[in-house]
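Listed below, chain by chain, are the residues.
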Amino acid sequence: MTPTQTPHVIFDRQGPGPRVSDDMTVEVALSLMAGARVDHLVLCDGDEQRTGVVTLAGLAVLRDSAAYTDRLQLREVLGLAG
């Protein structure tokens with residue numbers, strides 16, 4: 001059995017939504033958004049500094065594009081899926 005890694009998620013009571021690590025894959029982010037019933041995620045770097053926001057609609061369009069792979073990280077799509 002292969003160990004799994006739990007996505008790093010912080011619910012910020014003062015911010016606009018769930019904060020996640022920007023190294024999360026698009027596929028995991030879409031799953032997390034569905035489970036949390038949110039339409040966006042705030043991305044943070046390793047120092048928990050905000051780096052951007054991605055939306056459910058933007059990630060869904062990206063997933064349907066020819067550029068999509070299951071290893072694509074959120075930091076790689078900033079600006080494309082916002």
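Summarised in this report is the structure supplied together with it.

So, how was this worked out
- Residues numbered from 1 in each chain as written.
- Predicted model: local features only at pLDDT ≥ 70, side-chain atom pairs only at ≥ 80, totals over all residues.
- Heavy atoms only, no water.
- Pairing = 2+ DSSP bridges.
- Helix = DSSP H or I, 4+ residues; strand = E, 2+ residues; numbered from the N terminus.
- Salt bridge = Lys/Arg side-chain N within 4 Å of Asp/Glu carboxyl O.
- Buried < 20%, exposed > 50% of the residue type's maximum accessible area, 1.4 Å probe, protein only.

**Notes on the pairing of strand E4 (residues 50-55)**
No. 1: Relative to E4, strand E3 (residues 40-44) is paired through five bridges, and the arrangement is antiparallel. When the sheet's bridge partners are listed, His40 is paired in E4 with Thr55.
No. 2: As consecutive antiparallel partners, E3 and E4 are separated by five residues, and within that stretch Glu48 has a phi angle of approximately 60°, a positive value.

**Points about the pattern of salt bridges**
No. 1: Enumeration over the complete set of coordinates arrives at one salt bridge.
No. 2: Arg75 is the salt-bridge partner of Asp22, the closest N and O atoms lying 3.0 Å from each other. With a gap of 53 residues between them, Asp22 in the loop between strand E2 (18-21) and helix H1 (26-36) and Arg75 in helix H3 (residues 74-77) connect regions that are remote in the sequence.
No. 3: Its relative accessible area of 7% is what places Asp22 among the buried residues.
No. 4: Judged by its relative accessible area of 43%, Arg75 is partly exposed.

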